[in-house]
Amino acid sequence: MFNALIAEGTNDHYSVSLKELRLDSLPDGQVLVKNLYSSLNYKDALALTGRGKIIRKFPMVCGTDLAGRVMESNSPEFRAGDEVFAIGQGLGETRWGGLSQRTRVPAESLLHLPEGLSLKQSMAIGTAGFTAMLSLMALEHNGLKPGTGEVLVTGAAGGVGSLAVALLSDRGYKIVASTGRPDLTPYLLRLGAAAIIERAELEQKTPPLASERWAGAIDTVGGQTLASVIAATAAYGAVAVCGLAGGPNLATTVFPFILRNVSLLGINSTIAPKLIRIQAWDRLARELSADKLEMITSVAPLSQIMPQSELLLAGKIRGRVVVDVNS
Ligand code: NDP
């Protein structure tokens, strides 16, 4: 038997509860994992509270991320005792996920823990940190280099934002962090932000072409914020678009793209192919400061994840929540 946060019902109405489940209720998969940690992502909070259409099949064990040890494996890639983790890949959406003490997954979804990271650290990074790294990789692929100019991170005190600030500043970028929580300015400066910009400033309507400021940006907010960021992106700059914490709409014009050569780079962490996942995690293990990761992380037991989800959606969680699935 094992404990899991399970959603039961239909698309129209479902409820989530912490339940004891039998091992033989787990769906098919090559590798059985004894989970030690999971994490709480924006998408998990939407699924757990029923405020977003995340879950595609019922019943569904929630949780986009998991980290633990292999118990049984039919795959030559993994052996009992291996330390493994998985993020995205349909976990908690189409396949039973990681807010659980046990998960059975296809070998393709799993990665070996990279050298230099603990299981807990892999979940402190989780989907959010992986997304921050994919955004950094996309911006660098587009030509961004330290010294090119200021790089903006929006929703900076959240999970993706905190990790983006830490990662980019350690790499030598001059980061401007946008937050709606000015009380968290000391936290963002300690993560490496060079300056803070109020969330409200970016929510103001701007002309389609504003003064050129950003060499690059990682946007977790969307809506008017994203439109303002695009308008102030410098020639040949790029914006990695990964979130919608402020809304899914985007009202802009073609001018930044056709007059300034600005690029909009889409980021989806859940469908990243294995090679990209390995490259990104290798960089995360090498480049992210352990001290900063510790500063970003809090730990909560599985039993507290429902109230933690409400806090996250209310914009009241700082950084990342690691879930200890065994307490
Ligand atoms: P968090 O809740 O941890 O952080 C979101 C942050 O956005 C908040 O901390 C807050 O930052 C800011 N924010 C919240 N509400 C608003 C609002 N109404 N208007 C403007 N800013 C707001 O979530 P994550 O960091 O985990 O995720 C951020 C976004 O990225 C989400 O939309 C999520 O769905 C998306 N995402 C996308 C992924 C992908 O693969 N593309 C993967 C992971 C996440 P502050 O207090 O500093 O202003």
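Residues numbered from 1 in each chain as written. Predicted model: local features only at pLDDT ≥ 70, side-chain atom pairs only at ≥ 80, totals over all residues. Heavy atoms only, no water.

Looking at the packing of helix 1 (residues 42-49) against helix 10 (residues 305-313)
Inference 1: Taken N-terminus to C-terminus, the directions of helix 1 and helix 10 make an angle of 115°; their axes are 9 Å apart at the nearest point. Handedness of the crossing formed by helix 1 with helix 10: left-handed. Facing helix 1, whose interface residues are Y42, A45, L46, L48 and T49, helix 10 presents I305, M306, S309, E310, L312 and L313.
Inference 2: Tallied by class, the residues present in the contact of helix 1 with helix 10 amount to 8 nonpolar, 2 polar and 1 charged. (Axes fitted to C-alpha atoms, helices over the stretch in contact; angles between N-to-C directions. Helix = DSSP H or I, 4+ residues; strand = E, 2+ residues; numbered from the N terminus. Left-handed = near helix turned anticlockwise from the far one by under 90°. Contact = heavy atoms within 4.5 Å. Nonpolar A, V, L, I, M, F, W, Y, C, P; charged D, E, K, R; others polar.)

Details of the packing of aromatic side chains
Inference 1: As enumerated under the stated definition, the model contains 3 aromatic pairs in all.
Inference 2: Where F85 meets W281, the ring centres are 4.5 Å apart and the plane angle is 65°; that geometry is what we call edge-to-face. Here F85 is found in strand 6 (residues 83-87), whereas its partner W281 is found in helix 8 (residues 274-287), with 196 residues between them in sequence.
Inference 3: When its relative accessible area of 1% is taken as the criterion, F85 is described as buried.
Inference 4: Taking relative accessible area as the criterion, W281 reaches 2% and is therefore assigned buried.
Inference 5: Each member of the aromatic cluster is reached from another via a ring pair, and the members are F85, F130 and W281. (Phe/Tyr/Trp six-rings, centres within 6.5 Å; stacked < 30°, edge-to-face > 60°. Buried < 20%, exposed > 50% of the residue type's maximum accessible area, 1.4 Å probe, protein only.)

Considerations on helix 2 (residues 119-141)
Inference 1: The largest bend in helix 2 comes to about 65°, at G126.
Inference 2: With 19 of 23 residues buried, helix 2 lies mostly within the body of the structure.
Inference 3: Downstream of helix 2 by a residue or two, G143 has a phi angle that is positive, lying close to 110°. (Bend = angle between axes of the 7 residues up to and from the residue.)

Quick notes on the sheet that holds strand 2 (residues 14-21)
Inference 1: Ordered in space as 2-1-4, the 3 strands form an open sheet in which the pairing is antiparallel. Each end of this open sheet is capped by a strand with a single partner; those strands are strand 2 and strand 4 (60-61).
Inference 2: Where strand 1 (residues 2-9) lies against strand 2, 8 bridges are found, and the strand directions are antiparallel. Each bridged residue has a counterpart across the sheet, and for N3 the counterpart in strand 2 is E20. (Pairing = 2+ DSSP bridges.)

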